[in-house]
Amino acid sequence: MKNYFSIAMFKEEFKKAKWFSPLLFLVLFIIFNNGEMLSTIKLSDSSGFSASYGIKNFISLSWVQSLKLIFIYIIGCTILMNNKIKYLRSEDFKDDKRISYLITEGVFLITAITISFIGNFLIKLAAYGINKRIFYDTAHIGVSYLLKFLIFHLILIILMVSISLFLNSLFGKKISVIIMPILVIYSYFLIFGTGYYLINESHIKTRSFIKWVEEATIYKVFNMINSDFRLALQDNKMQMSIMLFMLCGAVLIFLLSLISYRYMKPERLDRYFMYVGVEAVVMGIIFFTCSLYLSLFTALIMILRSENADIIWAWKYSYRFIFIYTGLAAAVRLTYVFIANRYWEVLMGSKLKKRNQDNNLNI
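### As for the confidence of the model for the protein
Then step 1. Summary statistics for the protein give a mean pLDDT of 80 and a share of 85% for residues scoring 70 or more.
Then step 2. Here helix α15 (residues 343-362) stands out as the element of the protein with the lowest mean pLDDT, 57, in contrast to helix α9 (residues 143-170), whose mean of 91 is the highest.

### Structural notes on the packing of aromatic side chains
Then step 1. Summed over the entire model, instances satisfying the criterion amount to 16 aromatic pairs.
Then step 2. With a centroid separation of 5.9 Å and 50° between ring planes, the pair formed by Y101 and Y261 is classed as tilted. Of this pair, Y101 sits in helix α7 (residues 98-130) while Y261 sits in helix α12 (residues 236-262), and the two are 160 residues apart along the sequence. We note that Y101, like Y261, is buried.
Then step 3. On the basis of an interplanar angle of 55° and a centroid distance of 5.5 Å, the ring pair of F171 and F273 is categorised as tilted. With F171 in the loop between α9 and α10 (174-198) and F273 in the loop between α12 and α13 (276-305), this residue pair connects regions lying 102 residues apart in the sequence. Across the pair, F273 and F171 agree in class, each one buried.
Then step 4. Cluster of aromatic residues (ring-pair linked, three or more members): Y188, F189, F192, F209 and W212.
Then step 5. In this arrangement the basic side chain of R262 is found over the ring face of Y263, its NZ or CZ atom lying 5.3 Å from the centre.

### Examining the pattern of salt bridges
Then step 1. Taken as a whole and assessed by the stated rule, the structure comprises four salt bridges.
Then step 2. The salt bridge partner of E12 is K15, with a shortest N-O separation of 3.4 Å.
Then step 3. What makes K15 partly exposed here is its relative accessible area of 49%.
Then step 4. A salt bridge links K211 to E214, with the nearest nitrogen and oxygen atoms 3.8 Å apart. With a gap of three residues between them, K211 and E214 both fall in helix α11 (residues 204-226), about one helical turn apart.

### What about α12?
Then step 1. End to end, α12 covers 39 Å across 27 residues, agreeing with the expected 39 Å (1.5 Å per residue, within 8%).
Then step 2. Taken residue by residue, α12 has Q239, M243, M246, G249, A250, I253, S257, S260 and Y261 as its buried positions.
Then step 3. Of the surrounding elements, those touching the buried residues of α12 are α6 (84-88), α7 and α9.

### What about the packing of helix α5 (residues 63-80) against α7?
Then step 1. Where α5 meets α7, the axes come as close as 11 Å, and the angle between the chain directions of the two elements is 125°. When the interaxial angle is binned, α5 and α7 end up oblique. Considering only the axes of α5 and α7, their crossing is right-handed. Across the interface between the two elements, Y73, C77 and L80 of α5 pack against E105, F108, L109, A112 and I113 of α7.

Conventions adopted
Throughout, a residue's number is its position along its own chain's written sequence, starting from 1. Only residues with pLDDT of at least 70 get local features here, since the model is predicted, and only at 80 or more are side-chain atom pairs given and counted; chain-wide, interface and lining totals rely on the full set of residues. Neither water nor hydrogens contribute to the side-chain values; these are computed over all heavy atoms in the structure. Confidence scores per residue from the predictor, reported as pLDDT, run from 0 to 100. Going along the chain from the N terminus, every DSSP run of H or I of four or more residues is numbered as a helix, and every run of E of two or more is numbered as a strand. Two rings from Phe, Tyr or Trp (for Trp, the six-membered ring) form a pair when their centres sit within 6.5 Å of each other. Planes less than 30 degrees apart are called stacked, planes more than 60 degrees apart edge-to-face, and all others tilted. Only protein chains enter the area calculation, which uses a 1.4 Å probe; residues under 20% of their type maximum are buried, those over 50% are exposed, and those in between are partly exposed. Criterion for a charge above a ring: Lys NZ or Arg CZ within 6 Å of the ring centre, and within 35 degrees of the ring normal. When a carboxyl oxygen of Asp or Glu lies within 4 Å of a side-chain nitrogen of Lys or Arg, that pair is called a salt bridge. Each residue after the first adds 1.5 Å to the expected span of a helix. In what follows, residue pairs with any heavy atoms lying within 4.5 Å of each other are defined as contacts. Helix axes are fitted to C-alpha atoms over the stretch in contact, other axes to C-alpha atoms as well, and angles between N-to-C directions run from 0 to 180 degrees. The cut-offs work like this: below 35 degrees is roughly parallel, past 145 is roughly antiparallel, 65 to 115 is roughly perpendicular, and the gaps in between are oblique. In this scheme the crossing of two helices becomes right-handed for a clockwise turn of the near helix relative to the far one and left-handed for an anticlockwise turn of less than a right angle.

This is how it looks when you write it as structure tokens:
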């Protein structure tokens, strides 16, 4: 266990829980306990109190609340990992020893967040005990609903900690860990949520693909939000399947984090991206999204400035401008990377080294 868990690091990191856990407890209290629940705690009359009402206002969270919770967990983990650079640059956590850092940091993050969550869960449990007659006898809401609520959120905490650890292995600076994934998700919703209506009708295959992705992902997400989909109101088989899927996802992402931390180069920690591939994908999506807006704006100007221009004509040209603007953005980005990293010195150094080697061979 000594090789995979650092007791000294855990004790040092756990000092942050003194201020973080109480603060997170207050934030979670606002999310978990709305006005309806506070009124539910001091119930004196059971009229109109049904199982659906009790579950929605006391036990489960809506999709919007769950998204807020996920966002808060990612921010919280990122704040707690403010010593990431210090640890990963030390000799104690070099190469294979980074597994010890990853496991220790993961256990600490789960512990700090779980403390805050358990505090809120105990409030719910106490309120349930006070009003057990109404919850159990009238609405038939047993303790099993609270236990499933507990298990689900513990698994969610493990999943979000795994995702946060993985994001911190892809992005260097803390701000990029939070901002970049949001921009990627926003770009995804923009491209596949509006792309079908923006791309010219002559591109049938592209439009069909975007429409298929929209119906398979975006449409279902919005449908669950609009219909107030609650996991606690679904059958036990679906609840167990979703929780098992989340747990498997957490394990898979944690294994990816192990690989990522093992081959991480500590000198890149000060950058926004620690891997060139991640930078290319993220910046590519952002460039394409910005080009989409810019091309539509260009088409609008063309319509306003030209009397002969119509919407169909401008639409065709806007589609072409998307790739033009994306290419220009990529060219500017590559130029910046070339200058910022002073690659010409590397090239000149290689040529000079080769010339010296040739001269030595001639001599």
